[in-house]
Amino acid sequence: MTKGLSKSFKKALWVYHCNSGSCNGCDIEIIAALCPRYDVERFGIKLVGSPRHADALLITGPVTRQMEDKVKRVFEQMPDPKAVICVGNCGNTGDVFYESYNLVGPIDNIIPVDVHVIGCPPRPEAIIMAVAKAWTKLETLEAKK
Amino acid sequence: MSPEATTKTTYRLPIGPIHPALKEPVAFEFEIDGERIVDVRVSLGQVHRSVEWAGMRRNPIQILYLAERICGICSYCHPMAFALAVENIADIEVPERAEYLRVIQAELERICSHILWAGVAAHEIGFDSVLFLTWQMREKVLDLTEYLTGNRITKAITMIGGVRRDITKDMVPKVTEALNYFKDNFEKLRHIFLDDKTFKMRSQGVGILTKEDALQLCACGPTTRASGVKKDVRLDQPYFAYGDLDFDYVTPDILTGEVNGDVYDRIIVRLLEVKQSIELIEQCLDLMPAGDIVSEPKIAKLLATLKKVKGEGIGRMEAPRGEVIHYVKLDENEHPYCWKVRAPTYNNILPWIPMLRGEQIADIPIVAASTDPCMSCTNRVAIVDSGKKYELNREELHKMSVEKTRRLMK
């Protein structure tokens, strides 16, 4: 699944989670991925409190009008190189909210997304796999330097 | 934020809508005097996704799935309350077995939600090892949910007139096994939350909501029961099979003999409710009669009947966070004429103000979390005016209201 990912990681991956108006389903699955059953912290993947510390952005929700500029700001505050992971159907396509008047999503319209995770909500395994894929991107960028 | 003048002694502290302590977007503006909170302003609306509006363009079966996505944590009570409202209008008789199955799912959701909340509360006071302990237990609840419904979060088990999956005889041992696991671990949780010095220090006497305030502000669910108000839809107006089951209101005086209405009391109520839910599921497994699980298995036929129905109905349900109300009006049409959702957090937001007033800044997270707020359930209205304006003050609202009256009188 993770072609291009070296055997040992060069550094720990810090992730920032941003909720852009999601239903909480994806958010609790992200936290579930951090908790003992899936325990991603053993790989050095950690949730951080500020986008300025993060390598990857996990973004959930279909981006409501009120959150549009905030999502952009979070993205801009992240240092390069960065990866964006869109978690859940509603951020990818709009899902059941597709026709809503208060959405500016899908997230693709607002910020560039590297990995799309499908599911409503996706299982923690899928989220972990997406983070690993984003990691591949970051390591490839690093190798090119 | 409003540019009102401040005195020299206080300053303003905006928190949110994106903040690591908040799992969901909501914005607060605190007025602070030193370490003390003088006043709080809450602005909502960041999670408004126009669910009700979309619902008025879909048929009742499609709405079940839309209602499920109002909130990922209450993903059972919203579609169920909607189903109750529709059954109320169309006079659909639900088979008795389905009523019991519905109770089992509702109580499972309550266990899951309360354990989740306990973890978040522990996290808010910086006790992360307890967060991991509770979430480990929660995974077991999710395993059971997945075994019974096929999904972890959005369960998709609701159907108008029943449920979609049965609990067969060969499934019962696995359910009882899981229930026994919860019982064994419940004692562990109770010990940590109620006897631990750290928890007591941070939660006793903090964020007090008096009984009078709880009644005046119409708080609901565990928040109001922790203030000593005996209010529980399951007992006040039994739905599903709750009328046949043996249980009582959970108030903190059962355990401690007194009601303080502080964060500690809210922890007690939620913990005791977890135990109550386990017992309720056991009772259901014993009492459940054999029979059908849905009154009309053919969805096309059900939709055709609902198309001919006219009237309005209300679905009331005790969700983990409090009372959820769905109002539906059918108009002999494919989609409902009106659908209105009132989530429990809507009632439990105003009690934040008396709870937070006079507290220290560091107590904000635990006090706010103690009502178990859920923004994605609550945000029902957004005002979009050339894509820019989202807040209206009272005068503007009043003006709009007057203008509308004049418009209508023409």
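Residues numbered from 1 in each chain as written. Chains lettered and ligands numbered in written order. Predicted model: local features only at pLDDT ≥ 70, side-chain atom pairs only at ≥ 80, totals over all residues.

## Re the overall build of chain A
Here comes step 1: What chain A contains, in helices and strands, is four helices and five strands.
Here comes step 2: Each helix (α) and strand (β) of chain A, taken in turn from the N terminus, gives the series β-α-β-β-α-β-α-β-α.
Here comes step 3: For 145 residues, the compact-globule formula gives about 15 Å, and the C-alpha radius of gyration of chain A, at 15 Å, lands near that figure.
Here comes step 4: By principal-axis analysis of the C-alpha atoms, chain A measures approximately 45 × 35 × 25 Å.
Here comes step 5: The buried share of chain A, taken over its 145 residues, is 52%.
Here comes step 6: Once local pairs closer than 6 in sequence are excluded, the contacts in chain A between residues at least 24 apart make up 82%. (Helix = DSSP H or I, 4+ residues; strand = E, 2+ residues; numbered from the N terminus. Rg over C-alpha atoms; globule rule 2.2 N^0.38 Å. Buried ≥ 20, exposed ≤ 12 C-beta atoms within 10 Å, placed from the backbone. Contact = placed C-beta atoms within 7 Å.)

## Notes on the domain arrangement of chain B
Here comes step 1: Split into domains, chain B comes out as domain 1 (11–46 + 380–409) and domain 2 (51–347).
Here comes step 2: Averaged C-alpha coordinates put domain 1 of chain B and domain 2 of chain B at centres separated by 29 Å. (Domains from an automatic or database assignment.)

## Some thoughts on the sheet that holds strand β6 (residues 310–319) of chain B
Residues and elements named next belong to chain B.
Here comes step 1: With antiparallel pairing, the three strands of this open sheet are ordered in space as β6-β7-β8. Each end of this open sheet is capped by a strand with a single partner; those strands are β6 and β8 (338–342). Sheet twist, expressed as the average angle between the axes of neighbouring strands with direction ignored, equals 10 degrees.
Here comes step 2: Across ten bridges, β6 lies against strand β7 (residues 322–331) in antiparallel orientation. Each bridged residue has a counterpart across the sheet, and for M317 the counterpart in β7 is V324.
Here comes step 3: Sitting on the sheet, helix α3 (residues 77–90) is in contact with β6 and β7, with an inclination near 145 degrees to β6. (Pairing = 2+ DSSP bridges. Axes fitted to C-alpha atoms, helices over the stretch in contact; angles between N-to-C directions.)

## Some words on the interface of chain A and chain B
Here comes step 1: Counting residues at the interface gives 32 residues for chain A, matched by 36 residues for chain B.
Here comes step 2: Those elements giving two or more residues to the side of chain A that touches chain B turn out to be β1 (14–19), α1 (25–34) and α2 (68–77) of chain A.
Here comes step 3: The biggest single contributor to the side of chain A that touches chain B is α1 of chain A, with five residues.
Here comes step 4: Here the residues of the side of chain A that touches chain B are counted per class, giving 15 nonpolar, ten polar and seven charged. (Nonpolar A, V, L, I, M, F, W, Y, C, P; charged D, E, K, R; others polar.)

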